[in-house]
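# Descriptive structure summary
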Amino acid sequence: MNGLHLIADLYDCRCDVALLTDRERLETLCVQECRDAGLTPLGAYFYQFRHDDGENAGVTGTVVLAESHLAIHTWPETGNVTLDVYVCNFSKDNSELARRVFRRVIETLNPMEVVSHSVVRGKIAPRE
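Predicted, not measured: the structure shown is a model, and the values here were computed from it.

Conventions adopted
- Residues numbered from 1 in each chain as written.
- Predicted model: local features only at pLDDT ≥ 70, side-chain atom pairs only at ≥ 80, totals over all residues.
- Heavy atoms only, no water.
- Phe/Tyr/Trp six-rings, centres within 6.5 Å; stacked < 30°, edge-to-face > 60°.
- Buried < 20%, exposed > 50% of the residue type's maximum accessible area, 1.4 Å probe, protein only.
- Lys NZ or Arg CZ within 6 Å of the ring centre and 35° of its normal.
- Core = buried A, V, L, I, M, F, W, Y, C linked by side-chain atoms within 4.5 Å.
- Helix = DSSP H or I, 4+ residues; strand = E, 2+ residues; numbered from the N terminus.
- Contact = heavy atoms within 4.5 Å.
- Pairing = 2+ DSSP bridges.
- Salt bridge = Lys/Arg side-chain N within 4 Å of Asp/Glu carboxyl O.

Counted under the stated rule, the structure contains one aromatic pair. When the ring of Tyr47 is compared with that of Phe49, the centres are 4.9 Å apart and the planes differ by 75°; the resulting orientation is edge-to-face. The class of Phe49 is partly exposed, set by a relative accessible area of 41%. The aromatic ring of Tyr86 is capped on one face by Arg121, whose charged end is 4.7 Å from the ring centroid.

With that settled, consider the nonpolar core. Residues Val63, Leu70, Ile72, Leu83, Val101 and Leu109 are the most contacted members of the largest nonpolar core, which totals 32 residues. Of all the elements in the fold, those that place two or more residues in this core are strand E1 (3-13), helix H1 (18-21), helix H2 (23-37), strand E3 (56-65), strand E4 (68-75), strand E5 (80-88) and helix H3 (95-109). The dominant element in this core, judged by the number of residues it contributes, is H3, at seven residues. Once residues within four sequence positions are removed from consideration, Val63 is found in contact with Cys30, Val31, Cys34, Pro41, Gly43, Ala44, Phe46, Ser68, His69 and Leu70.

In terms of strand pairing, E1 meets E5 through eight bridges, oriented antiparallel. Considered in E5, the bridge of Gly3 is made with Cys88. In terms of strand pairing, E1 meets strand E6 (residues 111-121) through ten bridges, oriented antiparallel. Paired with Leu4 across the bridge in E6 is Val120.

What follows concerns the pattern of salt bridges. Taken as a whole and judged by the stated rule, the model has six salt bridges. Taking the shortest distance from any N to any O, the salt bridge between Arg25 and Asp16 comes out at 3.0 Å. The partly exposed category is assigned to Arg25, whose relative accessible area is 37%. Between Glu33 and Arg104 there is a salt bridge, with the nearest N and O atoms lying 3.4 Å from each other. Taken together, the residues Glu33 in helix H2 and Arg104 in helix H3 connect sequence positions 71 residues apart. We classify Glu33 as buried; its relative accessible area is 9%. Of the residues examined, Arg104 reaches a relative accessible area of 34% and is grouped as partly exposed. Counted as one network, the salt bridges with shared partners bring together Glu33, Arg104 and Glu107.

Written out as structure tokens, the structure reads:
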């Protein structure tokens, strides 16, 4: 169970609005950032919400990783996003890889305010 769970609430994101409203663009960003950091995507599921008139609304999605997961949820109406990145550290310490994905996704979304938490999971703290 040893791992690192990074959690953030992102407010007033100043990115291209399509990242908050287009399932394919958000999924591509999240999967690619996981790969670029050295994590192992096993699959992804992203859902496109729509307004009553059929226009794109928010997106919710998860990238399942061999090391655990990334989860993201967008509220384009307010420019807000929640982001979780959790990695297990059983066979090796993946903490820095998780931090890299977390940092890069946040940088891309460009929020005006970030409220984040870092939670050590399990009995043994990951190596810093």
